[in-house]
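Next come the chains, spelled out residue by residue.
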Amino acid sequence: MKSGCIDFVDFVDKLVSRLTECDHHILRTNHVTWLLAQIIRVELVLNALNTDPRKMETTVKILSFHREDRSSDPNHPQSILLDYISSCQNLRIYSINTAIRDHTNNEQLQKGKQIDGWWRQVSKGERMMDYMSLDDRSIGMFWVVSYTMTQPACETVMNWLTSAGVTDYLPGPNVAPNERYTVLRETSPLPISLLSGLSIHLLCKLAQQMEESLFSSQVVPSIAMVETYARLMLIAPHSLFRSLFSHLAQRNPTLLSKPGVSLLAVEILNYRLLPLYRYQGKSKSLMYDVTKIISALKGKRGDHRLFRLAENLCMNLILSLRDFFLVKKEGKGPTEFTETLNRITISSLAIIIKTRGIAEADHMLLIQTMLEQILGNSQHTWSERTLRYYPALLREALIGRMDKRSLAIQAWQQVETTVINQCTQLFSPSADPTYFMTYIGHSFPQHRQHLCAGAWILMQGHPENINSANLARVLREFSPEEVTLNIYTMVDVLLHHIHVELQHGHSLQDLLLKACANLAFFMWTHELLPMDILLLALTDRDDDPYALHIVISLLDKQELQQRVKLFCMNRGPPEHWLYSGTFKRVELQKALGNHLSWKERYPTFFDDVAARLLPVIPLIIYRLIENDAMDPADRILDKYSSFLAYHPLRFTFVRDILAYFYAHLPGKLIVRILSVLDLSKIPFSESFPHHISSSNPAICPLPPPDYFAALLFGIVNNVIPPLNTNSKEISSTSLRSQHKSPPTSQSRLPNTSDGQKSFYQIQDPGTYTQLVLDTAVIEILSLPVSPSQIVSSLVQIVVHIQPTLIQSSNGLHSSPSNAILPNSPSGGSTDSMSAGRSTPSTSGVNTTNFVSRSGCTSQQLSCLLIQACGLLLAQLPLDFHSQLYMEASRLIKDSWWLTDGKRSKGELDSAVGYALLDPTWAAQDNTSTAIGNIVALLHSFFSNLPQEWLEGTHVIIKHLRPITSVAMLRIAFRIMGPLLLRLAGAHSLFNKTLQLLLNTMVDVFGRNSQPSIPVEASEIADLIDFLHHVVHYEGQGGPVQSNSKPRPEVLALCGRAAENLRPDIQHLLSHLKPDMSSSIYAATYPKMVQNSA
């Protein structure tokens, strides 16, 4: 404002002009004043205008935005804010510039003084404002204060959070006095209902003040302050978001090296802000930051707590990613991940590629490099049962890897005698105390990595046989990397030992019981090893027949379930941002166990060893399903469903697992997977529970067309952008928004529609738009019917939609000629206009209420529904894509005007033009063809597919071949033509698609083709023009320029295809050949042609 007051004056002028000309309905409230109060500071503006002659005029215009319109609920906080904000702004302007008295009225000034009086009353003396017991009116008043008196408001909030004073924190017994921490006593965090209405300026001030207290103070903050800080970030994800590590490093480069600062930062990120980083698209950059911490600590002796916490955060980040990612920011050199993270990265890639595809052509080129980086640092081999579910791209890269377990067992057998001897000296009840330091200082790495395996052998199923205190001391002195290696080695040895003992005649049941007893000793009896890593190590050995049995037995153990229940009880409700009580800090040793809490003094906030299992349980479920262990998967989901409610991305987990294992999950398990969600907060269709609850899925009927139509209308109302974007048409858009379908029993703040929910209310998947779309995907994937039936139902709705909508609208809407249409045709089918052909009723959709509720004309709505159907189908697994191509090609080939041999060539050409060349004809006379609708559906579908899945689009043309008419040739070009432009950066796929279209031309105009009706070459001049344009577009990598040129391999491809065409068609393509005598492109760029040769 100091340097740009003229711009601000111009902005106010334009705003006044805009509001007075056309947008009168906005002026009924004080929203404009509220917006100005958010983005400007009155003092700065008026000071900047001091030397400007238009100061008074601009000030008066600012005052003119004030309106007296009152809400029907005057005591609602939002109503109070809008009612008082303008008066308070006027009072502040008046206090700075009394010359504006003539332009204000006394009533406005008195209302502004009411806020000042209220504030003096509630903040006077020693009285502490109780933010937990404010009524609606007081909340609204405080919101107003946050705009007009930011600094005093900030001070009172910080005073509240520190009002309970401080106390000494003793992390455990035998702690020296100088190792004690001073900790803020707990209060209640500020409620989200209060924070949600505060000004951005106050939120920024609070965030800054809290960061000072959290990361720079000598006093350990309370959980309430940390929670309030997290709530600030969630309340204003766009205004307050900052990359925490970078932000702290900018404040002070040495800050993260201070004791506790890194721990607190990683706890906040792992247990509070993970969804926020995904929402902002910053998960990858955070993953790179955390990897640096892991890389620095993995070889450092004794530093286990921060390492394991950072590793767990990295697990969550890797599994939260929804598109391709590089394991290194620079993309070069071996990965810095641990063995555990390498394995999880492969699992995450498999889920991403199979359920969402690889979005960009560049990413497809990088995937091989990424795999080499991971596999170069990983010793793991994946089982055949796991690989059969992996996408082909990964399966081919992994299937040939050498299984090194036999080498690991050989290494164990070579050192077994030495290791057992060392373990006997270390862990016998009468162990020499001095041998401990000798072992730590002088043992060899190949012996150290087998320490836990040696201890496991010595136990013989009786853990009390060994000195657990000495084992704990040794493991603490190891580096985190050595502990991880011990875990993986021990798992291989114990599984090998079971096989050996079976050969000696021992009972399998006894061996498994002993193994579980030994592992329980390591995990929770003495808490010597991290549970999450040990369970993952066992799960990854699923090709051993006993590994998953052990995992299931461990998860069934009461000790583990009791540990998880204790975590849930201490943590509070999963929706932590709504919790209004006082958080309780769990003792360090009880929260983290012996191994991680060993030399630690800094208290925990949200961290807990049980919480480390949140990313692990879903991976175990994946592995059980891969091994056809459906009943154990069902049982574990049932036992841990309340625990999984704390998973920050459980909605994404449900969506992805249903897509990953589509057509392989029994109905009972699908219902169990859905129960992981809070069903009351998901906008499922009303009839959806009925369709998945059939007692006999084998004979479950297909849901009626109305069910699928309702899904599409939900996407139209909540996902597809409205056609009306002009402000003058806002009334129509408003009508659409008023009828958005709310989720069943969805909890909401007052006066907040579902489509306007804040990020903190929908942290997974992040927006209500994505929630509605992914909910529709989950419903489709859960239905116990085949993909072909689902696709057929959706396509039939599209084919017949326009006459159905027109029949339902019954003249409610304006003239169709005013419709705003997309590039592809909309509507239903003119087939209904001919006797004996399909009628609109065949769609079976009752759309009586849809048109009137949408706020659109029937033509507009049909366009939106086709877009919605294409978008929905593009989210589904590849099983649905192949069915769509088959169904679309069948309907095109069966179209009456292509199969009716009595039709003249003129009629046929007219029908093609009616369907494809000018779709507005069809919309304007309330009809359109089935083929037009299908082509429009395919265009919508293609535009939403990731790059990788576009490989399958050729199938539809293969179904349509052989092509025997120009009409069908035009349809093929119309289907695939727009796709060529999108493939300009994917040369290989562009070449394949172009080759396919050239082959269709050969079908009709080949040297040996004999069409039933002779066709002149001039009749496809437009298609030839298109080919010339598209090869230049691809050569340029975008819009054609004067110096654009085709790539040499494209010229060669066109030249080879032209050899099979009739001479008159070859002539039209003569410039698309690598022949200098006939091609102006070849003659102009001879070097390019030589390269192609």
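Calculation criteria
- Residues numbered from 1 in each chain as written.
- Predicted model: local features only at pLDDT ≥ 70, side-chain atom pairs only at ≥ 80, totals over all residues.
- Heavy atoms only, no water.
- Patch = residues over 30% accessible without salt bridge, like charges linked within 9 Å, V, L, I, M, F, W, Y side chains within 5 Å.
- Areas by Shrake-Rupley, 256 points an atom, 1.4 Å probe, with all protein chains shown as cover.
- Salt bridge = Lys/Arg side-chain N within 4 Å of Asp/Glu carboxyl O.
- Helix = DSSP H or I, 4+ residues; strand = E, 2+ residues; numbered from the N terminus.
- Buried < 20%, exposed > 50% of the residue type's maximum accessible area, 1.4 Å probe, protein only.
- Arc of directions from axis to C-beta.
- Contact = heavy atoms within 4.5 Å.
- Axes fitted to C-alpha atoms, helices over the stretch in contact; angles between N-to-C directions.
- Parallel < 35°, antiparallel > 145°, perpendicular 65-115°, else oblique.
- Left-handed = near helix turned anticlockwise from the far one by under 90°.
- Core = buried A, V, L, I, M, F, W, Y, C linked by side-chain atoms within 4.5 Å.

**Looking at a nonpolar patch on the surface**
There is a patch of nonpolar side chains on the surface, built from Phe11, Leu35 and Ile39 and spanning about 290 Å² of accessible area. Within the secondary structure, Ile39 sits in helix α2 (residues 31-39).

**A few points about helix α12 (residues 244-251)**
Of the residues making up α12, those classed as buried are Leu244, Phe245, His247 and Leu248. Taken down its axis, α12 places every buried residue within 165 degrees of arc, on the same side. For α12, the elements touching its buried residues are α10 (200-215), α11 (223-235), α13 (261-271), α14 (274-279) and α15 (283-297).

**Details of the packing of helix α17 (residues 339-355) against helix α18 (residues 361-375)**
The contact between α17 and α18 brings their axes to 10 Å, and the two run at 155 degrees. It follows from the interaxial angle that α17 and α18 lie roughly antiparallel. α17 and α18 meet at a crossing whose hand is left-handed. Contact residues: α17 offers Asn342, Thr345, Ile346, Leu349 and Ile353, while α18 offers Ile367, Met370, Leu371, Ile374 and Leu375.

**A closer look at the side chain of Ser199**
Tracing the sequence through the fold places Ser199 in the loop between α9 (192-195) and α10. Taking relative accessible area as the criterion, Ser199 reaches 1% and is therefore assigned buried. If near-sequence neighbours (up to four positions away) are discounted, Ser199 is found in contact with Gln38, Ser146 and Tyr147.

**What about the nonpolar core?**
Nonpolar side chains tend toward joint burial in soluble globular proteins. Counting residues in hydrophobic clusters, the biggest one holds 333 residues, and the most contacted among them are Phe522 and Ile550. With sequence-adjacent residues up to four places away left out, Phe522 is seen in contact with Cys452, Ala455, Trp456, Met459, Leu471, Met490, Glu527, Leu528 and Leu529. Val9, Leu19, Val32 and Leu46 belong to the second largest nonpolar core, which has 16 residues in total.

**Things to note about the environment of Phe684**
Inspection of the secondary structure assignment puts Phe684 in the loop between α36 (667-674) and α37 (688-692). Residue Phe684 is classed as buried on the basis of its relative accessible area of 11%. Separated by 27 residues in the primary sequence, Phe684 and Leu711 have C-alpha atoms spaced 9.2 Å apart.

**Observations concerning unusual backbone geometry**
Between Asp764 and Pro765 the backbone carries a cis peptide bond, its omega angle lying at 15 degrees. For Pro765, the position within the fold is in the loop between α39 (730-738) and α40 (768-782). The step from Arg961 to Pro962 runs through a cis peptide bond, and the omega angle for that step is 0 degrees. Unusually for a residue other than glycine, Asp628 sits at a positive phi of about 60 degrees. Take Asp628: it is sitting in the loop between α32 (616-626) and α33 (630-639). Owing to a relative accessible area of 46%, Asp628 belongs among the partly exposed residues under this scheme. Unlike most non-glycine residues, Ala663 shows phi in positive territory, near 75 degrees. Counting through the fold element by element, Ala663 comes out in the loop between α35 (650-660) and α36.

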